[in-house]
Amino acid sequence: MIVSAPHLILFGLLTALAPVFSSGQETEAFDTCTDGLTRQAIEAGVSRPVAEQVMAQAEYLDRVIELDRRQPEFTTTFADYLNRRVNESRISQGRELLQQHRALLARVTRETGVPPAYLLAFWGLETNFGSYFGKMSVPSSLATLACDERRSDYFTGELIAALRIVDEGAIAVEQMEGSWAGAMGHVQFMPSVFLRYAVDADGDGKRDLWNSLDDALMSAGNFLSNLGWNGDYRWGREVLLPANFDYALADGRKRPLREWRKLGIKDAFGHAVASDDIQAGLVVPSGHEGPAFLAYHNFNVIMGWNRSEFYAIAVGHLADRIAGAGGLQNPPPEDAPTLSRSDILALQTALNARDFDTGNPDGILGPATRAAIRQYQSKQGLIADGYPGADVFQTLEITLKSDG
């Protein structure tokens with residue numbers, strides 16, 4: 001269910017043209033929208049007192065729209081992303097918490113199959129081990145986004161889910177704080193994920209992801225288990241590639257380990273990878289000059305939590321470090337260019353003009369763009385790793401914004 005079209009059009013126009021309208025007009029539009037949302041929530045089964053009370057307190061948050069509209073001008077490099085998230089402080093704290101919460105973590109592993117180090121890695125990346133949950137009112141954030149036409153359908157569903165959480169008594173509305181987009185608690189569940197996967201692990205009758213670490217970590221394990229986590233295997237591993245390796249094979253397709261072994265791939269310590277039928281895909285997040293990883297099934301499970309290869313590698317590597325492993329044998333290059341969205345847009349446009357299809361140019365380096373880069377590199381006699389390195393921009397005669 002979504003807000004009626006007239007309400008969406010009205011509120012969308014007021015959002016886009018906010019400086020032209022008075023605050024009174026904007027408030028009136030928001031009130032009209034939230035009235036409709038209140039009715040939808042009641043129709044969806046939320047009790048009338050909770051729906052009316054929470055929605056009466058919901059406020060329009062300009063900051064939420066600003067953050068939703070903000071697209072980063074420059075994309076982060078893999079080195080910057082990984083080094084910010086997997087650092088010595090977080091590793092050390094994770095190892096301390098591994099000891100401190102050993103009994104709880106062991107219980108979660110028994111019941112869900114997810115090993116302790118991975119639970120800590122998710123917790124560390126999501127809220128720095130519970131040090132910051134976000135300070136925005138979840139109902140107000142979600143109401144603001146539900147009344148904005150860009151993604152109204154999705155956020156209307158999340159808002160109704162948040163109201164159901166209040167309705168079940170999991171958290172008082174005054175304490176329901178989270179990120180600007182509505183992610184909540186120790187492990188930053190969206191309300192719909194909370195409803196499906198949050199559990200009461202401490203037996204107090206509430207599913208409380210803010211104040212109960214037992215509930216939060218068991219809920220994380222339950223979510224990962226339902227996404228298909230296989231406790232018999234790790235997420236993946238760093239590997240070393242032979243000279244003159246065909247990087248066109250790093251296209252996301254999975255192959256049995258025995259095939260990667262035949263291609264000369266070794267583990268990070270120079271030993272041949274196992275010769276069995278475990279399926280793995282090769283990931284080279286910063287191209288041929290950076291680290292390479294063989295990613296197993298659980299890598300895809302991690303991406304079910306967050307659809308980012310950078311995130312999935314960071315979770316896996318942080319888990320490894322917390323469990324006692326050392327750093328990468330081949331760290332990502334720290335001098336890789338920081339690309340702007342306009343750089344990627346120019347790249348996509350240039351590739352499309354040469355019949356290397358990136359799809360609709362959007363300034364985002366996604367799978368279609370990487371595939372087009374790989375095809376272009378192969379045609380130009382470059383290393384076909386799908387990475388937009390300086391050589392790609394040079395041959396396409398594109399001046400990087402960061403260089404201009």
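The coordinates are above.
All of these numbers come straight from a predicted model, not from anything done at the bench.

Caption draft 1: Examining the overall build of the protein chain more closely. On a plain count of helices and strands, the protein chain comes out with 18 helices and seven strands. On C-alpha atoms alone, the protein chain measures out to a radius of gyration of 24 Å, which is about the 22 Å that the 2.2 N^0.38 rule sets for 404 residues. Its C-alpha atoms put the protein chain at 65 × 55 × 35 Å along the principal axes. When contacts within the protein chain are restricted to residue pairs at least 6 apart in sequence, long-range pairs at least 24 apart make up 66% of them. Total accessible area on the protein chain is roughly 18500 Å²; 49% of this is exposed by carbon and sulfur atoms.

Caption draft 2: Region of the structure containing the packing of aromatic side chains. In the structure shown here, the tally under the stated rule is 17 aromatic pairs. Note on Tyr154 and Phe155: the rings are 4.8 Å apart at their centroids and 75° apart in plane angle, and the pair reads as edge-to-face. Residue Phe155 is classed as buried on the basis of its relative accessible area of 2%. Between Tyr197 and Phe223, the aromatic rings sit 4.9 Å apart at their centres with planes inclined by 35°, giving tilted as the arrangement. Note that Tyr197 is positioned in helix 11 (residues 191-197) and Phe223 in helix 12 (residues 213-227), a separation of 26 residues in sequence. Of the two residues, Tyr197 and Phe223, neither departs from the other in class, the shared state being buried. In this structure an aromatic cluster arises from ring pairing among Phe122, Phe189, Tyr197, Phe223, Trp305 and Tyr311. Here the guanidinium or amino end of Arg85 rests over the ring plane of Tyr81, the centre of that ring lying 3.7 Å away.

Caption draft 3: A look at the side chain of Thr77. Structurally, the position occupied by Thr77 is in the loop between helix 4 (62-69) and helix 5 (78-85). Separated by 3.1 Å, the side chain of Thr77 and the backbone nitrogen of Asp80 make a polar contact.

Caption draft 4: Spotlight on the packing of helix 4 against helix 9 (residues 138-146). Between helix 4 and helix 9, the least distance of the axes is 9 Å, while the angle of their chain directions is 60°. Classified by the angle between their axes, helix 4 and helix 9 sit oblique to one another. Our pair here, helix 4 against helix 9, has a crossing hand that is right-handed. Between helix 4 and helix 9, the residues in contact are Val64, Ile65 and Asp68 and Ser141, Thr144 and Leu145, respectively. The class makeup of the residues in the contact of helix 4 with helix 9 is three nonpolar, two polar and one charged.

Caption draft 5: Seen up close, the nonpolar core. Residues Met176, Phe189, Phe194 and Trp305 are the most contacted members of the largest nonpolar core, which totals 90 residues. If you tally residues by element for this core, the top one is helix 15 (residues 309-322), at nine residues. Once you skip the residues sitting within four places of it in the chain, Phe189 turns out to touch Gly182, Ala183, Met184, Phe194, Tyr197, Ala198, Leu209, Ser219, Ala220, Phe223 and Trp305. Judged by nonpolar contacts, the second largest core, of 15 residues, contains Ala250, Leu257, Val273 and Leu282.

Caption draft 6: Inspection of helix 12 at higher detail. Its 15 residues place the ends of helix 12 21 Å apart at the C-alpha level, agreeing with the 21 Å of an ideal helix rising 1.5 Å per residue. Every buried residue of helix 12 is listed here: Leu213, Asp215, Ala216, Leu217, Met218, Ser219, Ala220, Gly221, Phe223 and Leu224. Gly228 occupies a position one or two residues after helix 12 and carries a positive phi of about 110°.

Caption draft 7: Up close: the sheet that holds strand 6 (residues 279-283). Judged by pairing direction, the sheet is antiparallel, and its five strands sit side by side in the order 4-6-7-3-5 without closing on themselves. At either end of the open sheet lies a strand with only one pairing partner, and these are strand 4 (254-256) and strand 5 (266-267). Of the pairings in the sheet, the one linking strand 6 to strand 7 (residues 292-295) comprises three bridges and is antiparallel in character. Within strand 7, the residue paired with Gly281 across the bridge is Ala295.

Analysis parameters
- Residues numbered from 1 in each chain as written.
- Predicted model: local features only at pLDDT ≥ 70, side-chain atom pairs only at ≥ 80, totals over all residues.
- Heavy atoms only, no water.
- Helix = DSSP H or I, 4+ residues; strand = E, 2+ residues; numbered from the N terminus.
- Rg over C-alpha atoms; globule rule 2.2 N^0.38 Å.
- Contact = heavy atoms within 4.5 Å.
- Areas by Shrake-Rupley, 256 points an atom, 1.4 Å probe, with all protein chains shown as cover.
- Phe/Tyr/Trp six-rings, centres within 6.5 Å; stacked < 30°, edge-to-face > 60°.
- Buried < 20%, exposed > 50% of the residue type's maximum accessible area, 1.4 Å probe, protein only.
- Lys NZ or Arg CZ within 6 Å of the ring centre and 35° of its normal.
- Polar contact = N/O pair within 3.5 Å; in protein donor to acceptor, adjacent residues only side chain to side chain.
- Axes fitted to C-alpha atoms, helices over the stretch in contact; angles between N-to-C directions.
- Parallel < 35°, antiparallel > 145°, perpendicular 65-115°, else oblique.
- Left-handed = near helix turned anticlockwise from the far one by under 90°.
- Nonpolar A, V, L, I, M, F, W, Y, C, P; charged D, E, K, R; others polar.
- Core = buried A, V, L, I, M, F, W, Y, C linked by side-chain atoms within 4.5 Å.
- Expected span 1.5 Å × (residues − 1).
- Pairing = 2+ DSSP bridges.

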